[in-house]
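Remarks on the overall topology
Now for the letters of each chain:
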Amino acid sequence: MAAAGDGPWLDEAAGRLVRPFTVSDGRTEPSIALDLMSQVMATGVTPLGYLGPEHAQALDLCRAPVPVAEIAAQLKLPAVVTKVLLSDLVDCGALTTKPPAYHHTPTDRSLLEAVLDGLRRQL
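The paragraphs below set out a description of the structure included in this document. (Residues numbered from 1 in each chain as written. Predicted model: local features only at pLDDT ≥ 70, side-chain atom pairs only at ≥ 80, totals over all residues. Heavy atoms only, no water.)

**Here's the deal with the overall build of the protein**
- The helix and strand inventory of the protein stands at five helices and five strands.
- Order of helices (α) and strands (β) in the protein, N terminus to C terminus: β-β-α-β-α-β-α-α-β-α.
- Counting every position in the protein, which comprises 123 residues, the buried fraction comes to 27%.
- Counting contacts in the protein only where the partners sit at least 6 residues apart, residues at least 24 apart contribute 67% of the total.
- For the protein, the computed accessible surface area is about 8100 Å², with 60% contributed by carbon and sulfur atoms. (Helix = DSSP H or I, 4+ residues; strand = E, 2+ residues; numbered from the N terminus. Buried < 20%, exposed > 50% of the residue type's maximum accessible area, 1.4 Å probe, protein only. Contact = heavy atoms within 4.5 Å. Areas by Shrake-Rupley, 256 points an atom, 1.4 Å probe, with all protein chains shown as cover.)

**Observations regarding the sheet that holds strand β3 (residues 39-42)**
- The three strands lie next to each other as β4-β3-β5, forming an open sheet whose pairing is antiparallel. Looking along the sheet, the strands with just one partner apiece sit at the ends: β4 (66-67) and β5 (95-98).
- In terms of strand pairing, β3 meets β4 through two bridges, oriented antiparallel. Paired with Gln39 across the strands is Pro67, a residue of β4. (Pairing = 2+ DSSP bridges.)

**Side note on helix α3 (residues 68-75)**
- Of the residues making up α3, those classed as buried are Val68, Ile71, Ala72 and Leu75. Taken around the axis of α3, the buried residues stretch over an arc of 100°, which confines them to a single face.
- Trailing α3 by a residue or two, Lys76 shows a phi angle of about 60°, which is positive. (Arc of directions from axis to C-beta.)

**Description of the nonpolar core**
- Formed by 15 residues in total, the largest nonpolar core has its most connected members in Val40, Ile71 and Leu86.
- Where this core is concerned, the elements lending two or more residues are α3 and α4 (79-91).
- Tallying contributions element by element places α4 first for this core, with four residues.
- Excluding its chain neighbours within four sequence positions, the residues that come into contact with Ile71 are Val40, Ala58, Leu61, Cys62, Val66, Thr82 and Leu86. (Core = buried A, V, L, I, M, F, W, Y, C linked by side-chain atoms within 4.5 Å.)

These figures capture arrangement, not role.
This is the structure:
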């Protein structure tokens, strides 16, 4: 039985009924560079033509600035599929993007150690 609000896309016993890459028409490369921490926000422009239910769900999540990773989690889709959907929305003018503001470099040793410590506490 489908979970409330998920429509025909999810089944409690079987899981997702549509393969994630079907959502992006098999595309694995977004048309723009998006980082998982890139912020996206709706512009108020209505996309022309039909994009699909996942595009509409993603657009609805972007009323305020939100990171790409959060949208992927909310849509329960792989990050690469989410990036393709979001790039479609940017291409049609419905979303705008802002690169992440890093306070640390990705190879900052203290940041990596903090992440590792957090992961160890979860296990």
